[in-house]
Each structure stands twice: as C-alpha cells, then as structure tokens.
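In case you want the letters, here they are:
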Amino acid sequence: MLRISKLTDYATLLLTHMARGPQQVYSARGLAEQAGLPLPVAAKLLKLLAREGLLVSQRGASGGYGLARAPERISMAQILAAVEGPLAVTECALGRGVCEMEKGCATRPHWQLIGHALQVALEAVSLADMVAPKAAPVRLQRLER
C-alpha cells in the first residue's frame, strides 16, 4: 500500500490552515490548537517546512510563520518532498546503484514510469486546491515512455 506518513498528513493540515489566510503570520501554538496537534509536533513540522522553503519564519513578539509563496504556487509534490524526501515508489526509482538487483531487473523502467506519473499528479494539485470546498478534477498529461 502506498501511504504518506502521519507527519506529512499533519504538515498538510497545518499548511491548509495557513492557506485560508495566506497573508497572515501564525504562531506555532495557534496553529497547533487550530489543527488539533500537539505543540511539539507542530513546531517540528513548521521548522522543517521553513527550512525546506515552504514557509518563512519571523522572530520576535509578533513573529511566527507565514507561507513563502501563494497557495496556488505550492504543490502537493513539494509538501511531500519537504517531509518525506524524494518521491520514489521503489528504491531503484531513486537512482542507479541503490538496488542490488538493478542489473537484471525488467520492472525498473515500469516502476520509474509509475513514479513519474505520481510526481506529475502531485505537482498538479496545489495547496489552494486542498482548501477548496470541492475537489476539482485534475487534468494530467499523457505520460510518454
């Protein structure tokens, strides 16, 4: 089963709260309360998302976190990559030399195609799409082999 981690799910939850007021600056405590997450988890994710360039942080009494760019310009692929690392369905899709069976594997190019399809699909969905009241159909281009 393909599944994102709880941390990625929580990061998306925090970001969707922020996307509803994209110009605002949010405190870690306030976001944790809004999202129903423990403060240490929210703080860890906010720091990670800032380090990965999805958020900006402001120090000081009126500081906190804000989106680094408009919700329309943050894709689900970027969010997943920030928390999970590079997207790959199998180890061999990460690059050459990762899997000891790579040399004689007939399925590697197919897994790479599937990984590319997932990447395209995740890039097609923005943070703004995630806060829309109804999911809009996503049009994907036909993948070429």
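Given the structure is predicted, the values throughout are model-derived calculations rather than measurements.

(A) View of the pairing of strand S2 (residues 64-67). Side chains Gly64 and Gly66 of S2 all project onto a buried face; the interleaved residues Tyr65 and Leu67 project onto the opposite face, where all are buried too. Relative to S2, strand S1 (residues 55-58) runs antiparallel, the two being bridged by four bridges. Bridge assignment links Gln58 to a residue of S2, and that residue is Gly64. Remark: five residues form the turn of the hairpin made by S1 and S2, two consecutive strands paired antiparallel; Gly60 in that turn has positive phi of roughly 110 degrees.

(B) Focus on the layout of surface pockets. Estimated volume of the largest pocket: approximately 280 Å³. The set of elements that each furnish at least two residues to the lining of the largest pocket consists of helix H4 (76-84) and helix H5 (108-123). When its residues are assigned to classes, the lining of the largest pocket shows nine nonpolar, one polar and two charged.

(C) Region of the structure containing the packing of H4 against H5. The N-to-C vectors of H4 and H5 enclose an angle of 115 degrees; their axes lie 6 Å apart at closest approach. Considered as vectors, H4 and H5 are oriented roughly perpendicular to each other. Residue-level contacts link Met76, Ala77 and Leu80 of H4 to Gln119, Leu122 and Glu123 of H5. For the contact of H4 with H5, the per-class residue count stands at four nonpolar, one polar and one charged.

(D) Fine view of helix H2 (residues 28-35). Among the residues making up H2, those that are buried are Ala28, Leu31, Ala32 and Ala35. Projected onto a plane normal to the axis of H2, the buried residues spread over an arc of 100 degrees and lie on a single side. Along H2, the residues that are exposed and aim more than 90 degrees away from the buried face are Arg29 and Glu33. Residues of H2 that are buried sit in contact with helix H1 (6-19) and helix H3 (39-51). Gly36 sits one or two residues past H2 and shows a positive phi near 70 degrees.

(E) Quick peek at the side chain of Ser75. With respect to the helices and strands, the residue Ser75 is situated in the loop between S2 and H4. In this view, Ser75 contacts Leu122, Glu123, Val125 and Ser126; residues no more than four positions away in its chain are not counted.

(F) Just the confidence of the model for the protein chain, in detail. Mean pLDDT over the protein chain: 88, with 90% of residues reaching 70 or higher. Taken element by element, the protein chain is modelled with least confidence in H5, mean pLDDT 88, and with most confidence in H3, mean pLDDT 98.

Thresholds, definitions, all that
Residues numbered from 1 in each chain as written. Predicted model: local features only at pLDDT ≥ 70, side-chain atom pairs only at ≥ 80, totals over all residues. Heavy atoms only, no water. Buried < 20%, exposed > 50% of the residue type's maximum accessible area, 1.4 Å probe, protein only. Helix = DSSP H or I, 4+ residues; strand = E, 2+ residues; numbered from the N terminus. Pairing = 2+ DSSP bridges. 1 Å grid on protein atoms, 1.4 Å probe; cavity = no way out; pocket = protein on both sides within 12 Å on 5 of 7 lines; lining within 4 Å. Points joined across faces, edges and corners; volume = space filled by probe spheres on them. Nonpolar A, V, L, I, M, F, W, Y, C, P; charged D, E, K, R; others polar. Axes fitted to C-alpha atoms, helices over the stretch in contact; angles between N-to-C directions. Parallel < 35°, antiparallel > 145°, perpendicular 65-115°, else oblique. Contact = heavy atoms within 4.5 Å. Arc of directions from axis to C-beta. pLDDT = per-residue confidence, 0-100.

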